[in-house]
Structure formats: structure tokens, C-alpha cells
Amino acid sequence: PEGMQVDPALGTLTWLPQAASGQVAVAMDITDQAGQRITHSFALHVSADAFRFVAADGDDSNPGTAEAPWATIEHAVKTADNSQFIYVREGSYPVHVYIENQDCGKLLAYPGDEVSLVGKGTDTGSIWLKGEGEYILQGFHCDANKSRWFLCADTPSLTGLTVRKNHMFNVADEGLENPAFLFFWDGEQKPIQGEKHYSDILVQENSFHSLRNPNHHGASATLYNVQDLVFEDNVVYDIDGNGVTDKDDGFRNTYRNNLVYGCTRGLVLANQNTQGNISVHH
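Residues numbered from 1 in each chain as written. Predicted model: local features only at pLDDT ≥ 70, side-chain atom pairs only at ≥ 80, totals over all residues. Heavy atoms only, no water.

## A short note on the overall build of the protein
Helix and strand content of the protein: one helix and 25 strands. The globule rule puts the C-alpha radius of gyration for 282 residues at 19 Å, and the 19 Å found for the protein is close to it. With the C-alpha coordinates of the protein rotated into their principal frame, the extents come out at 50 × 50 × 35 Å. Each of the 282 residues in the protein was classed as buried or not, and the buried ones make up 45%. When the accessible surface of the protein is summed, it comes to about 13400 Å², and 49% of that surface belongs to carbon and sulfur atoms. Each charge sign in the protein was given a centre, from 18 positive and 37 negative side chains, and these centres are 3 Å apart. (Helix = DSSP H or I, 4+ residues; strand = E, 2+ residues; numbered from the N terminus. Rg over C-alpha atoms; globule rule 2.2 N^0.38 Å. Buried < 20%, exposed > 50% of the residue type's maximum accessible area, 1.4 Å probe, protein only. Areas by Shrake-Rupley, 256 points an atom, 1.4 Å probe, with all protein chains shown as cover. Lys, Arg positive; Asp, Glu negative; His and termini not counted. Charge placed at Lys NZ, Arg CZ, Asp CG, Glu CD.)

Next up, the structure:
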């Protein structure tokens, strides 16, 4: 459609719709330096009603519109549905929420606003993904408030998670339970044998730092049974443990163009069970 642009370096697609609703078809031709080419085709659905809002001066009795926003993350997650998106306006918000299948798990800081999510420190994690996806966490300052994890997935099956442009910090834990900003709970699945557990995950343009653990057992992300992950353009530092831990049963995961320093170890492919088709470069 008219006005759509692609960043020539990053491939980021931007577009400002001229109508409040409708559908457009998009086709992107992608050619690499070796001359290999693919076409990625998809439909964009435009709908102003797809967005709900949270603001520091909001009220949970409001309808959640831009003019009358909600006040809390928890209420927004439980009131909107997963076909919608939640924009969070400027401010600092305490967060401790379990996101189930019927809930809205698409949280975005409003463009240009400084938005902080602060774990309440009452549980091992701040945001729990308990459903099947699709989920987005984008654009936030994420203070784990010295909890073990900030975002963790604990579900039989999850397909589709984007964690992008966040600043995550302040994890602390005394034990050997894999403290991390992103944690994926273990299961019996072996993706390399065709058994899906967590798949289609993008972790991009985040920073992770300040994780304290006396056993050096931490990581920015600890991954069990994760497949088809792209972990790219992240900065990871000041972690007692690993920059990233692909713990076991990783399959077809890609780590590229990350900067990792000030950690006990860099990228660890633990290979405690099955593991294969892992790409590490730049």
C-alpha cells in the first residue's frame, strides 16, 4: 500500500494507514548476497478497535479507549482479548500477572513514552505466560525487582512470542533455579524429534543486565525445549552466569549480532539432552 517503507539495513516495515479499518495485502521480496530469494506474503488488518490503553491517570472502570484508559496492567490483560493490543502510556506500573489463553498478551509501550514495568516482588516471576500465544512485550523498562525471573513461559504449548526493544534489569536469586529475565520451563518434548513445545520466538534489540546469583547460574534467557528462536541485536552484560543459556532440547535456534560481555560465560549450548541445528554468528 501507498506509504509503506522497508528499512534497507534492518528490514523493519513501517506504515501509517490512511483509514481506520480495512485490510491490505503485502508481499515482500527478499534476496540475500548469495542471490537466494524468497517472497513473504501476508495480510494486514487495520482496526482502531483492536487497541486498548492503560495510563497512569486511568480507571479500571473505563472502557479502555485512548480517551478513557484503564489504570492497571492486570485489568487490561484480563479484560481485553488476545486479538487486541494494549498500549501502555507514560508512567511506572507494578506488574504481577498470569496470562491465560483467553487473555490479552500483547503489551506495547506507547511510542515515544517512557514506560516502566516493575515486578511486585511477591513471586518468582512478574509476567507468566500460561496460554498458547501469540504474545508481545515491546518497548518497556522492565525492573524485575530482585525476583528470580521477569517473564516466564510455563505452558504445554506456545507458538509466537516477540520480546523486542525492552531494557530488562535487577534479577536476584540465591539458588540454582536458573534466574533469568526470560525463562522457559522444561517439559518432556524433544523438538528435534518433531515434538513442539515453545516455537517461533523473536528476542530482538533488548538490553539485559544486573543479575545477581552467588552460584553464577543466571542468564539473560534460559531456554528449555525452544525451537525456531531468533535472538539478535541484543546487549547482555553484568550477569552472574551466562549471557544466554540454550539449556536443553534446543532446535533450529539462531543467535546473531549480539554483544555479550561482563558475564561469567557468553553463550552456552548446554546440550543436556537433544540439541541441533543451532546457528551462532556475528
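Read on for the rest.
## Remarks on unusual backbone geometry
With an omega of 0°, the peptide bond running from Gly 133 to Glu 134 counts as cis. Note that Glu 134 resides in the loop between strand 11 (127-129) and strand 12 (135-138). Positive phi, normally seen in glycine, also occurs at Asn 225, with a value near 60°. Phi at Asp 238 is positive, roughly 55°, even though this residue is not glycine. Along the chain, the position of Asp 238 falls in strand 22 (residues 235-248).

## Some points on the nonpolar core
Counting 50 residues, the largest nonpolar core has Ile 127, Leu 137 and Phe 150 as the members making the most contacts within it. Among all residues touching Leu 137, those that are not within four sequence positions of it are Leu 107, Leu 117, Ile 127, Cys 142, Phe 150, Leu 151, Thr 162, Val 163, Arg 164, Asn 166 and Met 168. Counting residues in each nonpolar core, the second largest holds six residues, with Trp 128, Cys 152, Ala 180 and Phe 183 among its members. (Core = buried A, V, L, I, M, F, W, Y, C linked by side-chain atoms within 4.5 Å. Contact = heavy atoms within 4.5 Å.)

## A closer look at the sheet that holds strand 9 (residues 106-109)
One open sheet holds the nine strands; their spatial order is 5-6-9-12-15-18-21-23-25, and the pairing between them is parallel. Sheet topology places strand 5 (51-54) and strand 25 (279-281) at the edges, where each strand pairs with a single neighbour. Taken pair by pair, the neighbouring strands of this sheet meet at an average axis angle of 15°, ignoring direction. Pairing of strand 5 with strand 6 (residues 85-88), which is carried by four bridges, proceeds in the parallel orientation. When the bridges of strand 6 are listed, Arg 52 appears paired with Ile 86. (Pairing = 2+ DSSP bridges. Axes fitted to C-alpha atoms, helices over the stretch in contact; angles between N-to-C directions.)

## A short note on the environment of Ala 221
Counting through the fold element by element, Ala 221 comes out in strand 20 (residues 218-224). As a C-alpha pair, Ala 221 and Tyr 98 span 123 residues in sequence and 19 Å in three-dimensional space. Residues contacting Ala 221, with those up to four places away along its chain left out, are Ala 180, Leu 182, Phe 231, Gly 243, Val 244 and Thr 245.

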